[in-house]
Amino acid sequence: MELDWITPAERLRALPPYVFARLDELKAHAREQGLDLIDLGMGNPDGPTPQPVVDAAIAALQNPANHGYPPFEGTASFRRAITSWYHRRYGVSLDPDGEALPLLGSKEGLAHLAIAYVNPGDVVLVPSPAYPAHFRGPLIAGGKIHNLILKPENDWLIDLAAIPDDVAKQAKILYFNYPSNPTAATAPREFFEDIVAFARKHEILLIHDLCYAELAFDGYQPTSLLEIPGAKDIGVEFHTMSKTYNMAGWRVGFVVGNRHIIQGLRTLKTNLDYGIFAALQSAAETALQLPDVYLHEVQARYRTRRDFLIQGLEELGWSIPKTRATMYLWVPCPPGQNSTDFALSVLQQTGVVVTPGNAFGPGGEGYVRISLIADCDRLGEALQRLKQANIRYQAEAVGSHSE
């Protein structure tokens, strides 16, 4: 029985519907109808966690020393593994005793950082489209979101010059993410230099989400915000074990950068959780120390799928630029269709699940995100179903409308 006097807090009522939850409902309904779903909607890696990581977890589980509460700030050995990884990858020197903090996944940290630093009414700059935690965390905290609408003609990069001066002066925080989820866009080093200069000028805290640091192809090497001189004075960077190391369900991530900003997040977390199970931190430490050959195998897997799917979509009328990073393709809807209608139409007609672009904010309208989380046989089956349903990119997309 629903009681009308039990109502959620305004902070929940202010949140827009979570499209992924709605997609889950629709997928469940489709399965009940007997549809064989090919789910390319979530950013959920399909491979197993590397065996050395699993072995390290098993060994750590069997050690009674790991069975109690872990330290609030994470184990010293995992923090050292994080800072060693940063030095090895980016030449960035960090203090493991203040400039690195393990998290229960980067999504948790991104949202909690907003709660730690955003007061009701504070202006937060967020690109649109963006990973939902970048704007939902500030919304939960009562922040006022100023969407920075990204455009394909600008290669989905933030146009810093287009941000009005009065908005920049009011802004407290800027979230951003390159390589990008959902657009798969990458940013040159010069962009990072520009955004640091912009943030210093306007006294804005920078939060960079580097979750796709190692899913890069064709010789491309993503830039860390912390490589840029002065960035550590005003910013932090988030990373996750989920994507590169197929550890999505393990819920391990970390944040690095300015020690004072991190201390604020740590203070909040001491009031909300007890940190990551120490056995999982031991496993994550092992993952960060894996030889590069493992990374090359992961990169090759996604690069092969990228090339296969881009070619297949081209045969159906789409022209998708070859992405240089991430596990996604950002695909325009056929003319005349919005992203929700197109995604639902594809699901209903073919059993192929893609994510409507408006799940990532208003700037994502007109696109869908396709995740490269199935092997080429399964991707080929998805393409064949689109072809059979006559779902193509053309002026009159016959067969791609909702029945």
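For the structure, see preceding data.
Residues numbered from 1 in each chain as written. Predicted model: local features only at pLDDT ≥ 70, side-chain atom pairs only at ≥ 80, totals over all residues. Heavy atoms only, no water.

Chemist: Kindly report on the sheet that holds strand E5 (residues 171-176), identifying the contributing residues and their values.
Modeler: What the 7 strands build is an open sheet, ordered E2-E8-E7-E6-E5-E3-E4; its pairing is mixed. This sheet does not close on itself; its edge strands, each paired only once, are strand E2 (100-103) and strand E4 (144-149). With strand direction ignored, the average angle separating the axes of adjacent strands in the sheet is 20 degrees. Pairing of strand E3 (residues 123-128) with E4, which is carried by 6 bridges, proceeds in the parallel orientation. Looking at E4, one finds that Pro-127 is bridged to Leu-148. Along the sheet, helix H8 (residues 189-202) contacts E3, E5 and strand E6 (205-209); its crossing angle with E5, the most-contacted strand, is approximately 165 degrees. (Pairing = 2+ DSSP bridges. Helix = DSSP H or I, 4+ residues; strand = E, 2+ residues; numbered from the N terminus. Axes fitted to C-alpha atoms, helices over the stretch in contact; angles between N-to-C directions. Contact = heavy atoms within 4.5 Å.)

Chemist: Lay out the packing of aromatic side chains in plain terms, naming residues and giving numbers.
Modeler: Within the structure shown, the criterion is met by 20 aromatic pairs. Centre to centre, the rings of Phe-176 and Phe-192 are 5.9 Å apart; their planes meet at 50 degrees, and the pair counts as tilted. Of the two residues, Phe-176 sits in strand E5 while Phe-192 sits in helix H8, which places them 16 residues apart along the sequence. Residue Phe-176 is classed as buried on the basis of its relative accessible area, which comes to 0%. (Phe/Tyr/Trp six-rings, centres within 6.5 Å; stacked < 30°, edge-to-face > 60°. Buried < 20%, exposed > 50% of the residue type's maximum accessible area, 1.4 Å probe, protein only.)

Chemist: Can you tell me about the sheet that holds strand E11 (residues 355-356), naming the residues and giving the values?
Modeler: Taken in spatial order, the 3 strands of this open sheet run E9-E12-E11, and their pairing is antiparallel. On the outer flanks of this sheet lie strand E9 (328-332) and E11, each paired with one strand and no other. Summarising the sheet, E11 and strand E12 (residues 367-371) pair through 2 bridges and their orientation is antiparallel. Bridge assignment links Pro-356 to a residue of E12, and that residue is Val-368. In the packing of helix H12 (residues 292-314) onto the sheet, contacts are made with E9 and E12, and the angle to E9 comes to roughly 15 degrees. Relative to the sheet, helix H13 (residues 339-350) contacts E11 and E12, its axis offset from that of E12 by approximately 45 degrees.

Chemist: Can you lay out helix H11 (residues 278-288) for me, pointing to particular residues and giving the numbers?
Modeler: When you tally the buried positions in H11, you get 8 out of 11 residues, the bulk of the element. All of the buried residues along H11 are Ala-278, Ala-279, Gln-281, Ala-283, Ala-284, Glu-285, Ala-287 and Leu-288. For H11, the secondary structure elements touched by its buried residues are helix H3 (51-61), helix H4 (76-90), E2 and strand E8 (253-257).

Chemist: Report on the nonpolar core, specifying residues and quantitative values.
Modeler: Judged by nonpolar contacts, the single largest core of 64 residues is most densely connected at Leu-40, Tyr-86, Met-241, Tyr-245, Phe-254, Leu-288 and Leu-313. Those residues within four positions of Tyr-86 in sequence are excluded, and the remaining contacts are Gly-91, Val-92, Leu-94, Leu-210, Ser-224, Leu-226, Glu-237, Phe-254 and Val-256. Formed by 34 residues, the second largest nonpolar core is a distinct cluster that contains Leu-157, Leu-160, Leu-206 and Tyr-367. (Core = buried A, V, L, I, M, F, W, Y, C linked by side-chain atoms within 4.5 Å.)

Chemist: Got a sec to walk through H13? Specific residues and values, please.
Modeler: Compared with the 16 Å implied by 1.5 Å per residue over 12 residues, the 16 Å span of H13 between its first and last C-alpha is a close match. Of the residues making up H13, those classed as buried are Ser-339, Phe-342, Ala-343, Ser-345, Val-346, Leu-347 and Thr-350. Regarding H13, its N-cap is Asn-338, as a side-chain oxygen of that residue lies 3.2 Å from the backbone nitrogen of Thr-340 further along. Positioned one or two residues after H13, Gly-351 has a phi angle of 75 degrees, which is positive. (Expected span 1.5 Å × (residues − 1). Polar contact = N/O pair within 3.5 Å; in protein donor to acceptor, adjacent residues only side chain to side chain.)

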